[in-house]
Structures are given as C-alpha cells and as structure tokens.
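# What the coordinates show
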Amino acid sequence: MKLTVAILLASTSFAQQFEVASIRPSAPIGPGGKVDVGVHIDGAQVRLVSFSLRDFLATAYRTKMTMVSGPDWTASERFDISATLPAGSTPAQLPEMLQALLAERFHLKLHKEKKEFPVYVLLPGKGPLKLKESPPDPDADKDEPKGTTNVAATGSEAGVNVNLGHGSSYSFVPNRFEVRKLTMAVFTTQLERYVDRPIVDMTGLTGKYDFALDFTPDDYRAMLMRVAISAGVSLPPEAMRMLDNVSIGGALSDAVQQVGLKVEARKAPLDVLVIDDALKTPTAN
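The following paragraphs examine the structure supplied in this document.

### Quick notes on the pairing of strand β10 (residues 168-173)
With five bridges joining them, strand β9 (residues 159-165) and β10 adopt antiparallel strand pairing. Bridging across to β10, Asn161 finds its partner in Ser171. Linking two consecutive strands that pair antiparallel, namely β9 and β10, is a turn of two residues; a positive phi of about 55 degrees is found at His166 within it. Between β10 and strand β11 (residues 176-182), which pair antiparallel in sequence order, lie two residues; one of them, Asn175, sits at a positive phi of approximately 70 degrees.

And the structure:
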C-alpha cells in the first residue's frame, strides 16, 4: 500500500534539523573514471561526499540504495553535503535531519510501496562453512576517536576499495572480492551493488568475517559494469551485449560456494522508496 506524500513529508517537520547545511555539486569524475565517496563526522561537523540523491535517501530512510527508485539522474548526479549538527544532538539523529534537509532543498515528493522482486537468497551450503570469523582487534578504533566516523570509497576502472570504518573494509579488484571484518548483512548490502537483483541474507550468521571470493575475468568485468549501471552510467552497446552473455547468478553461485554458502534465485516482497518528483538542482544554500 502506498503511503501518501503528505504523511512522508509531514514526518520530517518534527525532526531536529541541521544548524547549518549546504548542498553543492560534487567534483567531476577523475581520470580513469575515478570516484571518491565518503562520510565524515567529526564532532558536530558532517560531510557527505559524492552521493547521488538515491544514496542520500537510502541513508535518510535507513534502507538500501537498490531499494530507492526514481528518474535516472537521481542515481547519476552527485552532490556534497556539509552540515553542522545542532547542540545536544548526536550522529544517530543524522538520518532524520537528512530527511528534512532533502525534502526542503530538493522539493521531494515520495511514496513507499511494497513490490515483488526477483532476488538472490544467501544461505548456508551443504558442506562445512569456510568463513573465518574476524578476531577481536583492540586497535580498530585507535585512529577514530569517539564522536568521529570516517567511511571512504574509491572506485575506478582498476577496481573498488571501501573502508567502512572501525577495521571493516572490502575491495573488489581484478577477479577478487576480498572482505575484512564484515557481517553477512553488510556484505550482502555491499555485494548487491555489483549484481542484477537484491540479495537477501538468510544465512543466520551473526559474526563478523574475513574471506575472499574469486571470480573469472569475464564475471569481474560484468560485475563492475553492473555497479556502473546502478550509478546511472550509460554503457556503450557493445558492453551491454557482453552483459547479456554473462550469468551473474551463476557467477555469484560459484563464488559463494568457495566459502561454504549457496545462492538461490527466488521472488520476495520488498519495501521500495519511490521518488515521484524532485528538483534536479537543489534550492540555494
């Protein structure tokens, strides 16, 4: 059932708002398609770098970017937000403050609906689990004092490196997806950016793990193209034809078997946040 726009936007009017906030277009993509993305919180200062409107909304409404839909530009156009938290607030209130800011500056019209999607379900395999549980790391927070958050991602034609903070990270470089200190929930959220449908974690695993998945060169290239498509990049016809010849589900199934897991293709009802209308250029700061 759809939630009305009025209900969605009315909820933001009661949220605490940023003391000061600016939204500006991000710097152009660098040589080799390099993109730097990040979330930086230091005390009251907040900076979100090179996010699409869909990325902002996923953070604001505590959902996945793949569960936000709207015009193509909402995935491709990128913005930086610099803001100051009001006195007495905490970073935990950041999503609600983002809701209010985005509604005001982009004149958003949204609704939520439940839709049935083809999904990949991640499950334990029949054999022994080959995941290595991450050992405790007393130094994980040494470089991140209390009250700070630093999440950074760099992507280019050479691959993707993501630092999620507090010792958690992953890299997707030629033919290998390598994970350090991730829960299955975070792993599936990150991995589904590279495939052709959402991934639902049904492993029942609650720890944090270190592991690596190996892919063939063709599968690796296809998955990098998938993340480009999800970011709103238009690929040439020859690249799209190549994608048609690669089974992403088969590639994913072969990879997770390496660590004792399995993937099943199913359909499942999921909650989607739909952008009905938004300004392509936000109102002045």
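### Structural notes on the packing of helix α2 (residues 53-60) against helix α4 (residues 94-106)
Geometry of a packed helix pair, given as the angle between the helix axes and the separation of the axes. Their axes nearest at 8 Å, the elements α2 and α4 cross at an angle of 140 degrees. The angle between α2 and α4 falls in the class oblique. Here α2 contributes Leu53, Phe56, Leu57, Thr59 and Ala60 to the contact with α4, which in turn contributes Pro95, Leu98, Gln99, Leu102 and Phe106. Residue classes in the contact of α2 with α4 are distributed as eight nonpolar, two polar and no charged.

### Digging into the pairing of β11
Of the pairings in the sheet, the one linking β10 to β11 comprises five bridges and is antiparallel in character. Across the sheet, Phe172 pairs through a bridge with Phe177, a residue of β11. Relative to strand β13 (residues 209-214), β11 runs antiparallel, the two sharing five bridges. Note on β13: the bridge partner recorded for Val179 is Phe211.

### Structural notes on the side chain of Thr203
The residue Thr203 is located in the loop between β12 (199-201) and β13 in this model. Residue classification places Thr203 among the buried positions, given a relative accessible area of 8%. From its side chain, Thr203 meets the backbone nitrogen of Leu205 in a polar contact 3.2 Å long. Thr203 has contacts with Leu122, Leu123, Pro124, Met184 and Leu261, leaving out every residue within four places of it along the chain.

### So, the packing of aromatic side chains
Going through the model one piece at a time under the given rule, you end up with 11 aromatic pairs. Between Phe177 and Phe187 the ring centres are 6.0 Å apart and the planes differ by 75 degrees, which places this aromatic pair in the edge-to-face class. In this pair, Phe177 is assigned in strand β11 and Phe187 in helix α5 (residues 184-191), connecting sequence segments 10 residues apart. Since its relative accessible area comes to 1%, Phe187 is described here as buried. With 5.9 Å between their ring centres and 85 degrees between their planes, Phe177 and Tyr194 make a pair best called edge-to-face.

### Considerations on the sheet that holds strand β4 (residues 68-69)
One key point about sheets: their strands pair by backbone hydrogen bonds, in either a parallel or an antiparallel sense. What the four strands build is an open sheet, ordered β4-β14-β6-β12; its pairing is mixed. Unpaired on one side and paired on the other, β4 and β12 mark the two borders of the sheet. Taken together, the two bridges between β4 and strand β14 (residues 261-277) define a ladder with parallel strand orientation. Its bridge partner lying in β14, Val68 is registered against Leu273. Sheet contacts for α2: β4, β6 (109-124) and β14; angle to β14, the most-contacted strand, approximately 100 degrees.

### A word on the packing of helix α6 (residues 217-230) against helix α7 (residues 237-244)
Two elements in contact, α6 and α7, have axes whose closest approach is 10 Å; the angle formed by their N-to-C orientations is 120 degrees. As judged from the angle between their axes, α6 and α7 are oblique. In the crossing of α6 with α7, the sense of the turn from one axis to the other is left-handed. Of the residues in α7, those in contact with Asp218, Arg221, Ala222, Met225, Arg226 and Ile229 of α6 are Ala239, Met240, Met242 and Leu243. When grouped by side-chain class, the residues that make up the contact of α6 with α7 number seven nonpolar, no polar and three charged.

### Some details on the pattern of salt bridges
Counted under the stated rule, the structure contains 11 salt bridges. The partner of Asp55 in a salt bridge is Arg193, and the shortest N-O contact between them spans 3.7 Å. On the criterion of sequence distance, the pair formed by Asp55 in helix α2 and Arg193 in the loop between α5 and β12 is long-range, its members being 138 residues apart. With relative accessibility at 11%, the residue Asp55 sits in the buried group. We classify Arg193 as partly exposed; its relative accessible area is 28%. Among the salt bridges present, the one from Lys262 reaches Glu264, with a minimum N-O distance of 3.5 Å. Classification of Lys262 by relative accessible area gives partly exposed; the value is 29%. You can call Glu264 partly exposed: its relative accessible area is 27%. Each member of the salt-bridge network shares a partner with another, and the members are Asp55, Arg78 and Arg193.

Rules used throughout
- Residues numbered from 1 in each chain as written.
- Predicted model: local features only at pLDDT ≥ 70, side-chain atom pairs only at ≥ 80, totals over all residues.
- Heavy atoms only, no water.
- Pairing = 2+ DSSP bridges.
- Helix = DSSP H or I, 4+ residues; strand = E, 2+ residues; numbered from the N terminus.
- Axes fitted to C-alpha atoms, helices over the stretch in contact; angles between N-to-C directions.
- Parallel < 35°, antiparallel > 145°, perpendicular 65-115°, else oblique.
- Contact = heavy atoms within 4.5 Å.
- Nonpolar A, V, L, I, M, F, W, Y, C, P; charged D, E, K, R; others polar.
- Buried < 20%, exposed > 50% of the residue type's maximum accessible area, 1.4 Å probe, protein only.
- Polar contact = N/O pair within 3.5 Å; in protein donor to acceptor, adjacent residues only side chain to side chain.
- Phe/Tyr/Trp six-rings, centres within 6.5 Å; stacked < 30°, edge-to-face > 60°.
- Left-handed = near helix turned anticlockwise from the far one by under 90°.
- Salt bridge = Lys/Arg side-chain N within 4 Å of Asp/Glu carboxyl O.

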